Amino acid sequence: MSDPLSQHTDYGQMPLNDSDVLADPIEQFRLWLSNASDSHVYEPNAMVLSTVDASGSPSSRTVLLRAIDAAGFEFFTNYSSIKGRALVANPATALVFPWYAIHRQVLVQGVARPIAAALSDEYFATRPRGSQIAAHASEQSQPIASRALLEQRVTELEAEFEGRDVPRPSDWGGFVVEPRSIEFWQGRSSRLHDRVRFVRAESGAWERMRLQP
Ligand SMILES: Cc1cc2nc3c(=O)[nH]c(=O)nc-3n(C[C@H](O)[C@H](O)[C@H](O)COP(=O)(O)O)c2cc1C
């Protein structure tokens, strides 16, 4: 049986040449996201979101990227959850896209802001009905005495909303992470990985540098 703690994968030879990296890191991200999808990376839009709460305590969890544009990286969650409360107290955040299967990761640092309520309404309306009801049933991150209690709430809500659209709960919605830096990491042989980092200047322009592995 192989020991998962002592594996030494030698990453592929696929380079990240300076000339291959697009001038706009958002466009470069889109390209890598589509490469990850085409390579059948499982949940290519899954990203690990780190937050720091009001007492300075960090925490991380996975969320799904739902949109990406010049404004930033958008995801949806419960505003009263552990992450939601942390982001309201301290909007500084970091994201990791861990595309291990293709020897790549993208690291983002930025500031998270709630999106407009109308945009959250629009997205909520596209969600499967079961997910919409779950958003009402779950006070995300709060303790609950049993699974049965949660399922009972779902049954009650199904009855309450029968025959009509499920409205968005007021504490459920989107955040957009406005990027301050974006790093593209490509695994290379003998740990001589390629790292290209973009940092946003005060002017809004992106400055680009290569980092040592
Ligand atoms: C693949 C995957 C995708 C997830 N996507 C989301 C998401 O988009 N939004 C969300 O609130 N939680 C998502 N979760 C659950 C979170 O990781 C987390 O358990 C939950 O949001 C509560 O986090 P918190 O207590 O730190 O606020 C996802 C989990 C996994 C494993």
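The preceding data block contains the structure.
Residues numbered from 1 in each chain as written. Predicted model: local features only at pLDDT ≥ 70, side-chain atom pairs only at ≥ 80, totals over all residues. Heavy atoms only, no water.

Visitor: So, helix α1 (residues 25-38): which residues are in play, and what are the values?
Guide: Two residues of an α-helix separated by three or four positions point the same way, owing to the 3.6 residues in each turn. Helix length check: α1, at 14 residues, gives a terminal C-alpha distance of 20 Å against a target of 20 Å (1.5 Å per residue), a fit within 8%. Those residues of α1 not exposed but buried are P25, I26, Q28, F29, W32, L33 and A36. Buried residues in α1, looked at end-on, bunch into an arc of 155°, giving them a common side. One side-chain oxygen at the N-terminal end of α1 lies 2.9 Å from the backbone nitrogen of I26; it belongs to D24. (Helix = DSSP H or I, 4+ residues; strand = E, 2+ residues; numbered from the N terminus. Expected span 1.5 Å × (residues − 1). Buried < 20%, exposed > 50% of the residue type's maximum accessible area, 1.4 Å probe, protein only. Arc of directions from axis to C-beta. Polar contact = N/O pair within 3.5 Å; in protein donor to acceptor, adjacent residues only side chain to side chain.)

Visitor: Outline unusual backbone geometry, listing residues and values.
Guide: Although it is not a glycine, E43 sits at a positive phi angle of roughly 45°. As for its position among the elements, E43 is in the loop between α1 and β1 (46-52). Take E43: its relative accessible area is 38%, and that puts it in the partly exposed class. For H103, which is not a glycine, the phi torsion comes out positive at approximately 60°.

Visitor: Can you lay out the packing of aromatic side chains for me, pointing to particular residues and giving the numbers?
Guide: Per the counting criterion, the structure on display carries 15 aromatic pairs. Geometrically, the ring pair formed by F198 and W206 is edge-to-face, given 6.5 Å between the ring centres and 85° between the ring planes. Through a chain of ring-to-ring contacts, the aromatic side chains of F29, F73, F97 and W99 assemble into a single cluster. Residue placement shows R104 over the ring face of W32; its charged tip is 4.0 Å from the ring centre. (Phe/Tyr/Trp six-rings, centres within 6.5 Å; stacked < 30°, edge-to-face > 60°. Lys NZ or Arg CZ within 6 Å of the ring centre and 35° of its normal.)

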